[in-house]
Amino acid sequence: MANLLLSSRAFCNQAITDAFLALVKPNATIVIIVNSVTEGKRHPQMQALQRTIQQLGFEHVTLLDVLTDDLATLETADAIVLNGGYEFLLLSNLRKMNLLTRFRQLALAGKPFYGISAGAILLGPDLDLYTQLYPEDNMEQLTHAPAINATPIRIYPHYDAHCQLNPNLPSLITDWERQTGSHVTQLTNDQGLRIRGTEVQLIQPASK
């Protein structure tokens, strides 16, 4: 049974932080996948995320590059974090190491996964929406881009911020949904989803 947390931003509010603490057991060994950015472990946001999780009380938090590090670490980790960055780059790197199926198996077996932005997208079934919206990021020119598929839920993170940048985004997503018969869950910068099997809970800050 999948045990997932998806969000647009990492630990952006107390509700997201509480959901993570409920997702992962105390004293867990946590692995952060860094392959959504070319700088990998050197990227300041990867290092900042590692420090943030450590400050929550987790002593064993490792940055893992799937292209160069020992993948046995994934099997022994208590939880896996897929950080944000570029969804097509992350997909390409996971495909190179044949990790899409393995991540799906681990997730469906109950290993907790926290997907942030691009990482949250990858936990869904595919990147097909993004091949249409952002063809410039689709380096391999994929027409169908299967992802981890730990959940059938497709998300669009940062929806509120991206709509401000592109007022046509809502209609573009609606058109894609109509063409494909699919549904896209739109998450604002402050929202997330907690998924336990078939149970889905929207996570957002408490109303002021």
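Definitions and limits used
- Residues numbered from 1 in each chain as written.
- Predicted model: local features only at pLDDT ≥ 70, side-chain atom pairs only at ≥ 80, totals over all residues.
- Heavy atoms only, no water.
- Helix = DSSP H or I, 4+ residues; strand = E, 2+ residues; numbered from the N terminus.
- Rg over C-alpha atoms; globule rule 2.2 N^0.38 Å.
- Contact = heavy atoms within 4.5 Å.
- Areas by Shrake-Rupley, 256 points an atom, 1.4 Å probe, with all protein chains shown as cover.
- Lys, Arg positive; Asp, Glu negative; His and termini not counted.
- Charge placed at Lys NZ, Arg CZ, Asp CG, Glu CD.
- Pairing = 2+ DSSP bridges.
- Axes fitted to C-alpha atoms, helices over the stretch in contact; angles between N-to-C directions.

Enquirer: What should I look at first to understand the overall build of the chain in this one?
Expert: In terms of helices and strands, the chain carries nine helices and nine strands. Computed over its C-alpha atoms, the radius of gyration of the chain comes to 16 Å, within 12% of the 17 Å expected for a compact globule of 208 residues. The C-alpha extent of the chain, read off along each of the three principal axes, is 45 × 45 × 35 Å. Of all intrachain contacts in the chain linking residues separated by at least 6 positions in sequence, the fraction that spans at least 24 positions is 74%. About 9900 Å² of surface is accessible on the chain, with carbon and sulfur atoms providing 49% of the total. In the chain, the 15 positive side-chain charges and the 19 negative ones have mean positions that sit 4 Å from each other.

Enquirer: What should I look at first to understand the sheet that holds strand β2 (residues 29-33) in this one?
Expert: Through backbone hydrogen bonds, the strands of a sheet pair up, either in parallel or in antiparallel fashion. Spatially, β3-β2-β4-β5-β1-β8-β9 is the arrangement adopted by the seven strands of the open sheet, whose pairing is mixed. Whereas interior strands pair on both sides, the edge strands pair on one side only; in this sheet they are β3 (60-64) and β9 (199-203). Across the sheet, the mean angle from the axis of one strand to that of its neighbour is 15°, orientation sign disregarded. Inspection of the sheet shows strand β4 (residues 79-82) paired to strand β5 (residues 113-116) by three bridges, in the parallel sense. Directly across from Leu82, in β5, lies its bridge partner Gly115. Along the sheet face, helix α2 (residues 44-55) touches β2, β3, β4 and β5 and points at about 165° away from the line of β3.

Enquirer: What is the right way to read the environment of Ala145 from this model?
Expert: Residue position: Ala145 is located in the loop between α7 (128-133) and β6 (154-156). Expressed as a C-alpha distance, the spacing of Ala145 and Leu127, which sit 18 residues apart in the sequence, is 5.2 Å. Residue contacts for Ala145: discarding those within four places in its chain leaves Leu91, Asp126, Leu127, Asp128 and Thr131.

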